[in-house]
Amino acid sequence: MDYRKVAQEIYDKVGQKENIVSAAHCATRLRLVLVDNGKCDAKAVENIDGVKGVFSASGQLQIIIGTGEVNKVYDEFIKIAGITAASKDDVKATAAAKQNVFKRAIKTLGDIFVPIIPAIVASGFLMGIMEALNFMVNNGYLNMDTSGSIYVFANLFANTAYTFLPILIAFSAAKAFGGNPYLGAVIGMIMIHPNLQNAWTVATEGVQQTQSVWFGLYSIDMVGYQGHVIPVIIAVWVMCFIEKRLHKIVPPMFDLFVTPLVSVFVTGYLTLSIIGPVFVTVENAIIGGIQTLLTLPFGIGSFIMGGLYSATVVAGIHHMYTVIDVGQLAMYGFTYWLPLASAANIAQGAAALAVGLKTKNKKTKAVAIPSAMSCFMGITEPAIFGVNLRFFKPFLCGAVGGACGALYASIVGLGASGTGVTGIFGLLLCLHNPINYIIMFIISAGVAFVLTWLFGFKDKKEDETATAPENNNTDKKEIPALQCKSGVIYAPVNGKVFSYEQIPDQTFAAGILGKGVGIEPEVGEVVAPFDGEISSVTDTKHAVAITSPDGMEVLIHVGVDTVAMKGDGFNCLVKEGQKVKAGEKLITFDREKIKKAGHPDCVVVLLTNCDDYSDFKFNTGSCKLLDQVITV
């Protein structure tokens, strides 16, 4: 391969330097983030000698070149483009940066809170358990030694994560904002320093000390920020902003001590004198407003939010709710938002369960029932995306069930002692009021299940494994009933499955284009292996690339060396950018023509972005249409 020639042709076809934001490469692919994808001629790039395929996913243009060659093409490409090298993670971050401000803000909140959720969950569970034990001991239901080390230490451990929450948030936020996480932790420590009055004591003791700031311009209360979230995040963002700019302007010989000193001191003063007082007021107003909404007469506010909650999960903005939970825990001692979320999640699980029990379709049942159980444990995505949204009416029935459960939770004032866990295990956060949590659970699940059973799902009678008779001249699209699981590639054709290493082609067998399977077909048609979008179609009609909603990039190639047939014997029924459903016909082909041309007619199914996944499972042997063949 002439690496420079390939790099030059790619450079020209993607719009040259003014259209390139960043570039990186992985084991097989050149990954580009472009200013305007419309200025890139993807079809022309795919036709370049040495390019084995082109896909667009997650805001990146991914050009498949192959192991051992992509790095050489990449080196030439950055020389021609006059850009600096970037890591794969840098390119992903750049692609994410092209999103709108709101999506970036939600992603940032997720990046901050997701890593610390285990610590919050552990403390929340332990607080719930200790509250239940204290209640039973104080009311004579349980006789145990409360002076023993286990009981005393457990009480000590229970609220630790919440006591030092600003430090956890500050450390995580600094990592998310690209600053030094240890300097971030120092900012968190400053905000709960022992010389500041503990915020938990202000309600009973009043403010004990004030301090004049900004040369006597005004005074601030010398109170800590225990339990606060927004002021900590804003303070650390300011620190990272200062730190990163100091790294650029401070001479290297002074950077080690000047940058940390100035970053911490300036941020600390700004935090205690401006950021803290202002954003505590903002945070309190937000939390108070949400609580007002949730406590509207007759539970109407909670009813509305319980119904809308699952829609916000679909939109991907639910990570911001941790801010509400933590803020309410600090202000009221309980979060009244988590029971609302739990009601919504339980209801979606019940809707999926109704689908699983009502359907006679084995594949639908195999997806729906495990997804429902997962949802009851607090993991909602399989049920929402794998079942309820695909039939849609179950999703609406689940929303109604969640609204009803949230309504009850609001009326009885149900709150949780922690955050991070919903569903069955959410009971451990409500051990101070377990009966009402169980009733809320029953209402949410019962309403969603009954509505779905009666109105939300009508079973289809088509044979889930039926295949159309071989007909190379039809473009009829048949869609077997299938609810796709995330991370699963289904068989696009009947036949015998074998490992990609046994495909009679050196490129395929070496895994250069990705890992997967070959299938000896029984019929001359290929269907979509999951719901997705056609990302590429060859001019010779013998291969297509399809991308799943969760990012799997799959190449389906009919035959070996069949590009030489120049489309003779092949009929492609889809076009680039087309949305398809699992089981929808993609290609029909004449097996006899392929054999007469001297080519193997095996259907190659490869996961071209296999390096994005840590583990694979290939099901070999005989398979029927839409049996699971690859799981990541």
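Residues numbered from 1 in each chain as written. Predicted model: local features only at pLDDT ≥ 70, side-chain atom pairs only at ≥ 80, totals over all residues. Heavy atoms only, no water.

### Thoughts on the overall build of the chain
The secondary structure content of the chain amounts to 22 helices and 20 strands. Each principal axis of the C-alpha distribution contributes one length, and for the chain these read about 90 × 70 × 45 Å. Long-range contacts, defined as pairs at least 24 residues apart, comprise 73% of the intrachain contacts of the chain with a sequence gap of at least 6. Total accessible area on the chain is roughly 28200 Å²; 61% of this is exposed by carbon and sulfur atoms. (Helix = DSSP H or I, 4+ residues; strand = E, 2+ residues; numbered from the N terminus. Contact = heavy atoms within 4.5 Å. Areas by Shrake-Rupley, 256 points an atom, 1.4 Å probe, with all protein chains shown as cover.)

### A few points about the packing of aromatic side chains
Enumeration according to the criterion identifies 12 aromatic pairs in this entry. On the basis of an interplanar angle of 35° and a centroid distance of 6.2 Å, the ring pair of Phe153 and Phe157 is categorised as tilted. In this pair, Phe153 and Phe157 are both assigned in helix H7 (residues 149–158), four residues apart and thus about one turn of the helix distant. Relative accessible area serves as the criterion here: at 45%, Phe157 is assigned to the partly exposed category. Among the aromatic residues, those joined into a cluster by ring pairs are Tyr500, Phe616 and Phe618. Over the face of the ring belonging to Trp453 we find Lys358, whose NZ or CZ atom lies 5.9 Å from the ring centre. (Phe/Tyr/Trp six-rings, centres within 6.5 Å; stacked < 30°, edge-to-face > 60°. Buried < 20%, exposed > 50% of the residue type's maximum accessible area, 1.4 Å probe, protein only. Lys NZ or Arg CZ within 6 Å of the ring centre and 35° of its normal.)

### So, the packing of helix H10 (residues 181–191) against helix H12 (residues 230–249)
It is at 10 Å that the axes of H10 and H12 come closest, and there the two elements cross at 140°. The pairing of H10 with H12 is recorded here as oblique in orientation. Crossing angle aside, the handedness with which H10 passes H12 is right-handed. Here Leu183, Gly184, Ile187 and Met191 of H10 lie close against H12, whose contacting residues are Pro231, Val232, Ala235, Val236, Met239 and Glu243. Among the residues making up the contact of H10 with H12, the classes are represented as eight nonpolar, one polar and one charged. (Axes fitted to C-alpha atoms, helices over the stretch in contact; angles between N-to-C directions. Parallel < 35°, antiparallel > 145°, perpendicular 65-115°, else oblique. Left-handed = near helix turned anticlockwise from the far one by under 90°. Nonpolar A, V, L, I, M, F, W, Y, C, P; charged D, E, K, R; others polar.)

### So, helix H1 (residues 3–13)
Three or more residues of H1 are buried, namely Val6, Ala7, Ile10 and Tyr11. Buried positions in H1, seen along its axis, are confined to an arc of 135° and lie on one side of it. Elements that come into contact with the buried residues of H1 comprise strand S1 (20–25), strand S2 (29–34), strand S4 (60–64) and helix H3 (70–81). In the stretch just after H1, Gly15 is the one whose phi turns positive, near 105°. (Arc of directions from axis to C-beta.)

### Things to note about the pattern of salt bridges
Summed over the entire model, instances satisfying the criterion amount to six salt bridges. Between Glu533 and Lys579 there is a salt bridge whose closest N-O contact spans 3.0 Å. Of this pair, Glu533 sits in strand S11 (residues 532–537) while Lys579 is found in strand S15 (residues 579–580), placing the two residues 46 residues apart along the sequence. For Glu533, a relative accessible area of 31% gives the class partly exposed. Residues Asp568 and Lys593 are paired through a salt bridge, measuring 3.1 Å at the closest nitrogen-oxygen approach. Placement of Asp568 in the loop between strand S13 (553–558) and strand S14 (570–572) and of Lys593 in helix H22 (residues 591–596) is noted, with a sequence separation of 25 residues between them. Assessed through its relative accessible area of 42%, Asp568 is described here as partly exposed. (Salt bridge = Lys/Arg side-chain N within 4 Å of Asp/Glu carboxyl O.)

### Overview of the sheet that holds strand S20 (residues 628–631)
Backbone-to-backbone hydrogen bonds pair the strands of a sheet. The strands run either parallel or antiparallel. One open sheet holds the three strands; their spatial order is S7-S20-S18, and the pairing between them is antiparallel. Looking at strand neighbours, the two that pair on one side only are strand S7 (488–490) and strand S18 (617–618), the edges of this open sheet. Pairing of S18 with S20, which is carried by two bridges, proceeds in the antiparallel orientation. When the sheet's bridge partners are listed, Phe618 is paired in S20 with Ile630. (Pairing = 2+ DSSP bridges.)

### Considerations on the nonpolar core
In terms of nonpolar packing, the biggest core is built from 41 residues, with Leu586 and Ile587 touching the most fellow members. With residues up to four places along the chain from it excluded, the contact list for Ile587 reads Gly524, Glu525, Val526, Lys541, His542, Ala543, Val544, Val558, Phe570, Asn571 and Cys572. Counting 40 residues, the second largest nonpolar core, distinct from the first, contains Leu133, Ile169, Ile187 and Ile242. (Core = buried A, V, L, I, M, F, W, Y, C linked by side-chain atoms within 4.5 Å.)

### Concerning unusual backbone geometry
Phi at Gln16 takes a positive value of approximately 60°, unusual for a residue other than glycine. Within the fold, Gln16 resides in the loop between H1 and S1. Even without a glycine there, the phi angle at Phe298 is positive, about 65°. A relative accessible area of 76% means that Phe298 is categorised as exposed.

### Remarks on a nonpolar patch on the surface
On the surface, Trp214, Phe215, Leu217, Phe265, Val266, Tyr269, Ile274, Val278, Val282 and Ile286 cluster together into a nonpolar patch covering about 990 Å² of accessible area. By the secondary structure assignment, Phe215 is in the loop between strand S5 (210–213) and strand S6 (218–221). (Patch = residues over 30% accessible without salt bridge, like charges linked within 9 Å, V, L, I, M, F, W, Y side chains within 5 Å.)

### Re the sheet that holds strand S10 (residues 525–527)
With respect to topology, three strands assemble into an open sheet ordered S10-S16-S14, the strand pairing being antiparallel. Each having just a single partner strand, S10 and S14 make up the two edges of the open sheet. Going from strand to strand, the sheet's axes swing by 15° on average, the running direction of each strand aside. The pairing of S14 with strand S16 (residues 585–589) spans three bridges and is antiparallel. Looking at S16, one finds that Phe570 is bridged to Phe589.

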